[in-house]
Every structure is written in C-alpha cells, then in structure tokens.
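The lines below spell out each chain.
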Amino acid sequence: MSNETIVVIGAGVIGLTTALHIQQHLSKNQSLLVIARDLPQHTSIDYASPWAGAHYRPIPGTSAQLKKEANQARRTYEDFKTLAEDPEAGIKFIEGIEHLEAPPADYLDTEAVKIAYGHLDNFRILDKAELPTGVKWGVKYKTYVVNSPVYCAYLLRKIIFNGGKAREYTLKSLEEAFTLEHNVKTVVNCSGMGFGDSKSFVIRGQTCLVKNPCDLTLTRQKSDGSWSFCIPRPLNGGTVIGGTKQINDWDPNPSMETRNKVLDNAAKWFPFPSGSKREFDVVRDIVGRRPARDGGMRVEAEKMDGGRVLVHAYGAGGRGFELSRGVAEDVGVLMFENGVLRESASL
Ligand SMILES: Cc1cc2nc3c(=O)[nH]c(=O)nc-3n(C[C@H](O)[C@H](O)[C@H](O)COP(=O)(O)OP(=O)(O)OC[C@H]3O[C@@H](n4cnc5c(N)ncnc54)[C@H](O)[C@@H]3O)c2cc1C
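Keep in mind that what you see is a predicted model, and the values were worked out from it rather than measured. (Residues numbered from 1 in each chain as written. Predicted model: local features only at pLDDT ≥ 70, side-chain atom pairs only at ≥ 80, totals over all residues. Heavy atoms only, no water.)

What follows covers the pairing of strand β15 (residues 309-314). Most of β15 is tucked away, with six of its six residues classed as buried. Burial of β15 is two-sided: the residues V309, V311 and A313 facing one way and the residues L310, H312 and Y314 facing the other way are all buried. Note that strand β7 (residues 186-189) and β15 share four bridges and pair parallel. Within β15, the residue paired with N189 across the bridge is H312. (Buried < 20%, exposed > 50% of the residue type's maximum accessible area, 1.4 Å probe, protein only. Helix = DSSP H or I, 4+ residues; strand = E, 2+ residues; numbered from the N terminus. Pairing = 2+ DSSP bridges.)

What follows deals with the nonpolar core. Judged by nonpolar contacts, the single largest core of 57 residues is most densely connected at I91, Y117, Y151 and M335. Residues contacting M335, with those up to four places away along its chain left out, are I6, I22, T186, V188, V311, V340 and L341. Counting 19 residues, the second largest nonpolar core, distinct from the first, contains L126, L131, C208 and F280. (Core = buried A, V, L, I, M, F, W, Y, C linked by side-chain atoms within 4.5 Å. Contact = heavy atoms within 4.5 Å.)

If you check helix α2 (residues 64-83), its first and last C-alpha atoms are 29 Å apart, about what 20 residues at 1.5 Å a residue would give, namely 28 Å. Among the residues of α2, L66, E69, A70, Q72, A73, R75, T76, Y77, F80 and L83 are the ones counted as buried. (Expected span 1.5 Å × (residues − 1).)

In this chain, G53 is followed by A54 through a cis amide linkage whose omega measures -10°. In this structure, N122 takes a positive phi of about 60° despite not being glycine. Summarising the element assignment, N122 is placed in the loop between α3 (110-117) and β4 (124-125). Not every positive phi belongs to a glycine, and N248 is a case in point at roughly 55°. When you line up the elements, N248 lands in the loop between β12 (246-247) and α6 (256-269).

On to the site of the ligand. Taken together, 35 residues surround the ligand, and among them D38, S49, L171, G317 and G320 come closest. L171 has a polar backbone atom sitting 2.9 Å from a nitrogen atom of the ligand. In the complex, the protein chains occlude 96% of the 1000 Å² of accessible area that the ligand would expose alone. Those elements that provide at least two residues to the shell around the ligand are α1 (13-23), β13 (282-293) and α7 (320-337). Here the shell around the ligand is composed, by residue class, of 16 nonpolar, 13 polar and six charged. (Near = heavy atom within 4 Å. Polar contact = N/O pair within 3.5 Å; in protein donor to acceptor, adjacent residues only side chain to side chain. Areas by Shrake-Rupley, 256 points an atom, 1.4 Å probe, with all protein chains shown as cover. Nonpolar A, V, L, I, M, F, W, Y, C, P; charged D, E, K, R; others polar.)

Here we take up the packing of aromatic side chains. Counted under the stated rule, the structure contains 14 aromatic pairs. With 5.5 Å between their ring centres and 70° between their planes, F80 and Y151 make a pair best called edge-to-face. Here Y151 lies in helix α4 (residues 148-161) and F80 lies in helix α2, a separation of 71 residues in the sequence. Residue classification places F80 among the buried positions, given a relative accessible area of 0%. Members of the aromatic cluster, connected to one another through ring pairs, are Y56, Y77, F80, F93, Y144, Y151, Y154 and F321. Across the ring face of F178, the terminal group of R308 is positioned such that the distance to the ring centre comes to 4.5 Å. (Phe/Tyr/Trp six-rings, centres within 6.5 Å; stacked < 30°, edge-to-face > 60°. Lys NZ or Arg CZ within 6 Å of the ring centre and 35° of its normal.)

By themselves, these figures tell us nothing about what the structure is for.
Here it is, written out as structure tokens:
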C-alpha cells in the first residue's frame, strides 16, 4: 500500500488537538501534515487561539447543541487533568467562581445545571449568605486555566516530536489541500471559520492582559447581560481581564473605553491582592475574533469523489479550548467510521 498523508488544516487549538489525537491512531503507511496560514509563533487577529483567556466555564442548557457541547467539555476536562501534570503544557487547575446578577432561566433549571456542571470536582451552588451584594446566583468548582499561546506551542511541539509535519501555507480552497502531497485522501478542516460557510460569523472579544497575579478565576454577569472575568495564565503569564462579546464586529482596534470599563469592574469585583486595586500593570490590550457558527460547531464528514474524505471541525465560537479534546475524539470516530483510521481503540 502506498504511503498516504492526512492533511489537517489549521493550527489553532482545534486543529492541533485533533492532529495530535489522530496521530496516535495512524497506520504505518499514514503520515500527518498540518497546514496553516498561522502557526503558534504567529499572531493575527483572525487566529483566535492565542488570544483566548482561557478558562472553562460551563454553559447550562437542555438544547441538543448544548448537551453535545457539555459532553465534549466533560471529556476535555478529564483529559486536561492528565495534561496539567506536565508543567510545560501551561494548564493549571484552580478554583472557579461565578456570580450572576440576573441568572437566565437555564441557570435556575436543576436538570440543565446538572448536565453542564455535574461532572466538576468540588462543585457546589453558593448559599445566599456567600453571595456579594447584587448577586442572585453563584457557584464554585474546580476548573482549569490555560496559557493559550504556551499550550498551542506545546501541542505543535508534540506533533512534530511524534513525526508529524507542519507547513505555513494559505489555502485558496479546500480542494487545494488534497493536492499538497502526492497521496492525500483525507483532509480535516479545522480552519476556524470554514471556507465560505455562510453560517460562520465572528464574535469580537476585547480583553486586557495585566501583570497582576490572581489565584482564582471569577466570572461576573451583570444585570444587563454583559460578562466580566479574570483568568490567571499559568507559568507567570499574567491575568487576562475581560471582556466583550461583540457579534459581527470586525473592528481590529482596542477601545480605551472598553479597557477602562473592564479594569474598573476588575478592581470592584475580583480578588487581586490588596495594594494592586486599580493599579493594574497593563501588558497589552487583546482583540481577537472568535470563529462562531449559527447552530454551533460543524463536526461532520463528507464523502468526496475518488474515495476521498473531508472532515469538518470548525466554528467553536467562544469555547474552542473547552471543547477541544471532545471535538478531536469525535473527529477520530468519524475518520474511523469512514475507514480512514483502522484503529478504534480509545477513539
Ligand atoms: C478574547 C477571547 C477570549 C476567549 N476565551 C476563551 C476561553 O476562556 N475558553 C475557551 O474555550 N475559548 C475561548 N476563546 C475562544 C477560542 O479562542 C476559540 O474558540 C478557539 O481559538 C477556536 O480555535 P480554532 O482552532 O477553531 O480556530 P483558530 O484558533 O482561529 O485557528 C484557525 C486555524 O486555521 C488556519 N486557517 C484559516 N484559514 C486558512 C486557510 N485558508 N489556509 C490555511 N490555514 C487557514 C489559521 O491560520 C489557524 O491556524 C476566546 C477567544 C477570544 C478571542
């Protein structure tokens, strides 16, 4: 059998996690190539992963989509427990707290909360007496925070050490990906936004990275529905304070008004050590575009002519890190079902 190359498009957290996962299930005659316009050493507003906070905050809900995401998030949480044992990964488990001033209905639905939060270590709903003024609903649990640029570089390094290849290249089309090596039958599309998918859209996020350390991640939802959060980055990466979620906003420039607002909120609500109150040591403003998709992420396989297979995994929106391992496993299953991977163990 002649050698076959499996191409993964994208070196964001979805592409890299997927590449690393499927690499563990390749036959001897298969090899792996990651093709990306942006690799972890690059920064670009359209390369979302290095801009992410990133922490894990479950989203309760009983829709099919949210249930599916809860399942992917649960598998990622378990996987990150093992990954966090390697300090080079840039993942750390710490206390997570949520304070909601006006909890949406799903937060008050016991079943929805159980689906999303039930698997978390040390999870509990806070008593009224524990809630700060103005907060109506709160929870506490053990969660993880990720130094996102460090983690992406770590994943790529592992792929290369395992014999995979990575190439910086901007594809004009998905079809082109099948032509980059002499025998490509399978392409995995982890391009964030897809190629011209009319359901894809961006959610602009502006945050502020400060040097000030913080030892937990706290999220506060205000009564107007906006969210504030602090996310310490492991390995002395400072703390990300946020943030905005602006649908279809393409402005690449940070707004000073937003910076002042998120820092004011952080000084009011977040547990920075005394002395650092509102004296934030700003490293930089961050503006990124979350690659979102109407109806949620597209994770599906398409059979092409000539026995070729195209697997899609894009549109993670604001949850790429949280869902990454679950998505990678689901892609592995699709590849197995389509005869691309012959080994099903632990897929
Ligand atoms: C401010 C902010 C905060 C966030 N916080 C969190 C958080 O706390 N938790 C969380 O889970 N998520 C968070 N996110 C969301 C998270 O960053 C995204 O969900 C995730 O990065 C999406 O990963 P991805 O691999 O799908 O896309 P990307 O990281 O955007 O990667 C896409 C890849 O595809 C490549 N590509 C695209 N088009 C082409 C082409 N034509 N040819 C070749 N290569 C191509 C790109 O170069 C890139 O390598 C946050 C995002 C932002 C902006």
